[in-house]
Amino acid sequence: MLRIKDINHVVYRHPDLDAVERFLTDFGLVVAHRTDERLYMRGAGTIPYVYVAERSHMPSFAAVAFALESATDLVAAQLLPGASKVAPIGAPGGGQCVTLTDPAGRSVQLVHGIEAVEPIPMRPALTLNNAEEKRRFGDVQRAPRAPAQVLRLGHIALGVTDVARNLRWYTEVLGLLPSDFIVETQNEPPVAAFLRLNRGDAWTDHHTVALFHAPEDHVHHASFEVQDLDAQFHGNAWMVSQGWTPVWGVGRHILGSQIFDYWRDPSGNIIEHFTDGDLYKHDSPLGVTPASDDSLYQWGPPMTVERFLGGAIQL
Ligand SMILES: [Fe+2]
């Protein structure tokens with residue numbers, strides 16, 4: 001079985017790299033490298049880039065990449081259905097990749113050997129007092145008014161015309177495990193599926209790939225992790241102050257429990273900040289939830305599934 005360490009980076013195509021650089025900087029990513037044709041943005045973690053923007057006439061999604069545990073996994077990945085041979089990545093940090101194509105025709109890269117970089121120090125998480133337990137004595141809370149510092153890419157959400165087929169591919173080919181299904185009718189395939197990595201006994205995010213039924217195949221959003229609730233709200237205020245377009249949030253999801261907010265980038269894509277998500281491991285039980293607006297969030301600005309998921313189709 002293919003061993004995936006984590007989601008690594010996403011590649012989008014944009015007509016205006018300057019506008020995207022401004023947007024992603026306000027979003028909390030940091031420019032790692034820039035050429036005329038490509039912009040590499042990093043988080044505070046050790047991966048040299050978590051978001052690649054390629055110049056193109058029309059905006060589109062180019063690829064999602066997952067990091068493999070070992071070179072052995074990379075060699076084995078060549079045997080997967082439709083896989084390319086191992087090829088050099090040709091980007092900062094080097095490394096190699098095998099490229100697959102998912103049932104929606106999307107490029108899925110399996111990468112290994114990208115050289116790690118020094119992490120950027122993050123503001124330490126705030127020490128929170130709750131009603132019954134006090135943990136902060138004689139100290140104050142002063143999180144800075146600034147972009148929410150992004151640590152890493154956390155997940156990608158895909159609208160797909162055929163959930164069952166994509167679910168089979170992502171579980172059987174990539175080896176992901178289902179954490180939650182959303183169902184409309186009992187005994188019918190789910191209309192949405194939240195899939196996590198199989199990391200054995202190690203805890204991993206509730207979902208690294210989310211699939212939901214859509215009239216056309218598209219990437220709904222990519223989601224990036226920030227330090228804590230105050231980073232999320234300060235980041236939200238920062239994005240508003242810079243004139244960027246909010247889509248939804250701040251709120252807390254139900255499936256995965258993440259605190260979230262969503263933004264529209266200059267090309268029209270949706271991008272998410274999240275913090276405080278659930279952690280699962282290989283034997284965590286599968287949940288099944290009836291489809292309704294209540295399956296979307298616990299609190300936050302009013303939203304419907306139709307409006308939220310339909311918001312990206314215009315791409
Ligand atoms: Fe998300």
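A. Structural context of the overall build of the protein chain. Helix and strand counts for the protein chain stand at 5 helices and 20 strands. In terms of C-alpha radius of gyration, the protein chain reaches 19 Å, essentially the compact-globule figure of 20 Å for 315 residues. Overall, the protein chain is about 60 × 50 × 40 Å in size when its C-alpha atoms are taken along their principal axes. Partitioning the intrachain contacts of the protein chain with sequence separation of at least 6 by distance along the chain shows that 66% fall at a separation of at least 24. With an accessible surface of roughly 14600 Å², the protein chain has 52% of that area assigned to carbon and sulfur atoms. The distance from the centre of the 25 positive side-chain charges to the centre of the 37 negative ones in the protein chain is 4 Å.

B. The arrangement of the sheet that holds strand β7 (residues 96-101) in detail. Spatially, β2-β3-β4-β1-β5-β8-β7-β6 is the arrangement adopted by the 8 strands of the open sheet, whose pairing is mixed. Sheet topology places β2 (30-34) and β6 (87-88) at the edges, where each strand pairs with a single neighbour. Along the sheet face, helix α1 (residues 17-27) touches β1 (4-14), β2, β3 (38-42) and β4 (51-55) and points at about 5° away from the line of β3.

C. Local environment of the side chain of Arg 123. Positionally, Arg 123 belongs in the loop between β8 (107-112) and β9 (150-160). A polar contact of 2.7 Å, which involves the side chain of Arg 123, links it to the side chain of Asp 228. Leaving out residues up to four positions away in the same chain, Arg 123 has contacts with Ala 143, Pro 144, Gln 149, Gln 227, Asp 228, Asp 230 and Ala 231.

D. Up close: the coordination of the iron ion. Looking at the metal site, the iron ion is ligated by His 155 (NE2), His 221 (NE2) and Glu 272 (OE), spaced 2.1 to 2.2 Å from it. Mapped onto the sequence, the residues coordinating the iron ion show the spacing H-x65-H-x50-E. Here His 155 is found in strand β9, whereas its partner Glu 272 is found in strand β17 (residues 270-275), with 117 residues between them in sequence.

Scoring rules and cut-offs
Residues numbered from 1 in each chain as written. Predicted model: local features only at pLDDT ≥ 70, side-chain atom pairs only at ≥ 80, totals over all residues. Heavy atoms only, no water. Helix = DSSP H or I, 4+ residues; strand = E, 2+ residues; numbered from the N terminus. Rg over C-alpha atoms; globule rule 2.2 N^0.38 Å. Contact = heavy atoms within 4.5 Å. Areas by Shrake-Rupley, 256 points an atom, 1.4 Å probe, with all protein chains shown as cover. Lys, Arg positive; Asp, Glu negative; His and termini not counted. Charge placed at Lys NZ, Arg CZ, Asp CG, Glu CD. Pairing = 2+ DSSP bridges. Axes fitted to C-alpha atoms, helices over the stretch in contact; angles between N-to-C directions. Polar contact = N/O pair within 3.5 Å; in protein donor to acceptor, adjacent residues only side chain to side chain. Donors = N, O, S within 2.8 Å, 3.2 Å for Na, K, Ca; no water.

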